[in-house]
Amino acid sequence: MQRHRGEIRFILNDRQVTLDDVRADAMLLDHLRLVRGLTGTKEGCAEGDCGACTVLVGRPRDGTVDYEPVNACIRFLASVDGCHVVTVEHLGAGGTLRPVQRAMVDHNASQCGFCTPGFVMALQALWMRTPTPTVTQAETALQGNLCRCTGYAPILRAALDASAHGNPADDPLVTLGPELAPRLAELRDGRRVVCGEGRNAVILPCSGEDLAEVLAETPGATLIAGATDVGLWVTKELRDVGPAVFIGHLEDLAAVEVTSRDVTLGAVASYSGAEAALTGAFPHLTDYWTRIGGWQVRNMGTIGGNIANGSPIGDTPPPLIAMGAEITLRSARGRRVLALEDFFLGYGRQDRAPDEFLETIRIPRPEAGRIDAAYKISKRRDEDISALAAGLSVLVRDGIIIRARIAFGGMAATPARARAVEAALEGQPWTEASLVAAGAALTDDFTPISDWRASAEYRMLAARNLLRRFYLERQAPGGGRTVRLDGVRETG
Ligand SMILES: Cc1cc2nc3c(=O)[nH]c(=O)nc-3n(C[C@H](O)[C@H](O)[C@H](O)COP(=O)(O)OP(=O)(O)OC[C@H]3O[C@@H](n4cnc5c(N)ncnc54)[C@H](O)[C@@H]3O)c2cc1C
Ligand code: FES
Ligand code: FES
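Residues numbered from 1 in each chain as written. Chains lettered and ligands numbered in written order. Predicted model: local features only at pLDDT ≥ 70, side-chain atom pairs only at ≥ 80, totals over all residues.

Caption draft 1: Highlighting the site of ligand 1. What surrounds ligand 1 is a group of 31 residues, the closest being G48, G226, G305, N306 and A308. Contributions of two or more residues to the shell around ligand 1 are made by β9 (222-224), α13 (295-300), α14 (303-308) and β17 (357-364). With 4 residues, α14 is the single largest residue contributor to the shell around ligand 1. Residue composition of the shell around ligand 1, by class: 14 nonpolar, 12 polar and 5 charged. (Near = placed C-beta within 6 Å. Helix = DSSP H or I, 4+ residues; strand = E, 2+ residues; numbered from the N terminus. Nonpolar A, V, L, I, M, F, W, Y, C, P; charged D, E, K, R; others polar.)

Caption draft 2: Region of interest: the pairing of strand β20 (residues 400-409). Taken across its 10 residues, β20 has 7 buried, putting it largely inside the fold. Inspection of the sheet shows strand β19 (residues 388-397) paired to β20 by 9 bridges, in the antiparallel sense. By the bridge assignment, A389 is partnered in β20 with G409. Two successive antiparallel strands, β19 and β20, enclose a turn made up of 2 residues, where D398 displays a positive phi of approximately 50°. If you look at the hairpin formed by β20 and strand β21 (residues 416-417), you'll find 6 residues sitting between the two strands, and G410 has a positive phi there, around 85°. (Buried ≥ 20, exposed ≤ 12 C-beta atoms within 10 Å, placed from the backbone. Pairing = 2+ DSSP bridges.)

Caption draft 3: Structural detail: the sheet that holds strand β12 (residues 262-266). The strand order across the open sheet formed by 5 strands is β11-β12-β17-β13-β14, and the pairing between neighbours is antiparallel. Each end of this open sheet is capped by a strand with a single partner; those strands are β11 (256-258) and β14 (334-339). Adjacent strand axes in the sheet meet at a mean angle of 20°, parallel and antiparallel pairs treated alike. Contacts from helix α9 (residues 208-217) reach β13 (326-331) and β17 within the one sheet, and its direction differs from that of β13 by about 60°. Helix-sheet contacts for helix α11 (residues 271-281) involve β11 and β12, and the interaxial angle to β11 is about 20°. (Axes fitted to C-alpha atoms, helices over the stretch in contact; angles between N-to-C directions. Contact = placed C-beta atoms within 7 Å.)

Caption draft 4: Seen up close, unusual backbone geometry. For the bond from G242 to P243, the omega torsion is -10°, close enough to zero to count as cis. Relative to the helices and strands, P243 is located in the loop between α10 (230-235) and β10 (244-246). Look at A46: it is not a glycine, yet its phi comes out positive at around 60°. Structurally, A46 can be placed in the loop between α1 (28-35) and β4 (54-61). Its 20 C-beta neighbours within 10 Å are what place A46 among the buried residues. Of note in the backbone geometry, A227 takes a positive phi value of approximately 70° without being a glycine.

Shown next, in the form of structure tokens:
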């Protein structure tokens, strides 16, 4: 057997596809529609926002196949190597409606029909996972799907009613899982994949160690994990991303380890993949997590990608910095560990050499007496980028703030700690007055900008109010979540 494999292999609906000429910028949606003629999957926005392009991507897990809804418009074709890709045509195969389709018909949940295939795919994934969802679970599953005609009420009713039409245990995607899983594992045969060369090279390393070698050989190649940022470089900016090194499939880089001391996330753990472990260990992240993207984006996007992109408005750095997270960068030269805040050097500049990749993120568990919160302020509740994000952690002993770690996104050119605020809090009593007084120090820490998401004044006011909210929420019965302050509209 040759050391490298020169082709991408996956199963599309019920047939195997083998491609030896995959371009670095080839998108799954274009392949489905233009090459395979599977036009049921629609293109609405081409940027991961509308869900019209939703397909299921299945990967072998625990002896069966685990299916997740993803956005085909920003999913690179090469990244489905070793996967089962399911389009809406497959659900309708045989001329019989699947339960979610039947429910959509019964509830008149389609009008022009453009969004319908995307909704059907998201609903199919929901029904397979959670056959009898609550309204909140159904709404969360549909965060990433937009409909401009029917309205969401009938679609929601269809989501709640799907199980009346059938049991997921009888669905072919479930019953065939144990048979398909070994076939998929065989397709992804553990070898490095290399298609094309030079700027057109598409490389899929076979492990973290192999990735270090690949980057030593091809420093500066575009690393692509979940592609929820890089996909848009192609579809919206028409950027050349070759040579491209795909890493989203690397299971050793997606591992999530929970101990009594810390939680360590592999950098390519997706938001969905890390959710249970993270919110279990750090419950204050529970609401915050479902404010990141929509379900499809959370299935694709990785925490490592959110950090590595260096965005000043990425949602994970503020709470992770506040909790004292550190990251490990790896290359063929070795590993080094950094406090997360030290990774961000300036706008668009991160402390990462061209042959390095982000390997893990370690988050220490809190000591007794620590109080944590994470807030996101955006114009829409769902599927929106933050105007402002905040992570707040204070250690309180005998009513006194012993230590404070406060971090904001959207207030500066990078996610950053509010060190003057921290200094103003430390040694003070844990009272509303202390939080309000410390808010005055925000002007020493930050000079925010005005842009289309928020004005500088709004950001400053909202940041001050979040400090106060942090305290007030802890006093409200049940840790109340509906405090309104100084003209800032609550968003979550
Ligand atoms: C519709 C939509 C909604 C979104 N909503 C949100 C939101 O609410 N909050 C938010 O913060 N973001 C949001 N995003 C942005 C995006 O989803 C996140 O930034 C995501 O975490 C990026 O991860 P990824 O794996 O997709 O990164 P990719 O697109 O694969 O990569 C992003 C960058 O990181 C680099 N990179 C990736 N992994 C590594 C690694 N291990 N080591 C070194 N470099 C690496 C890549 O080379 C690239 O420069 C949204 C995006 C879309 C399309
Ligand atoms: S076309 Fe809108 S999310 Fe893909
Ligand atoms: S039915 Fe027309 S966009 Fe949803």
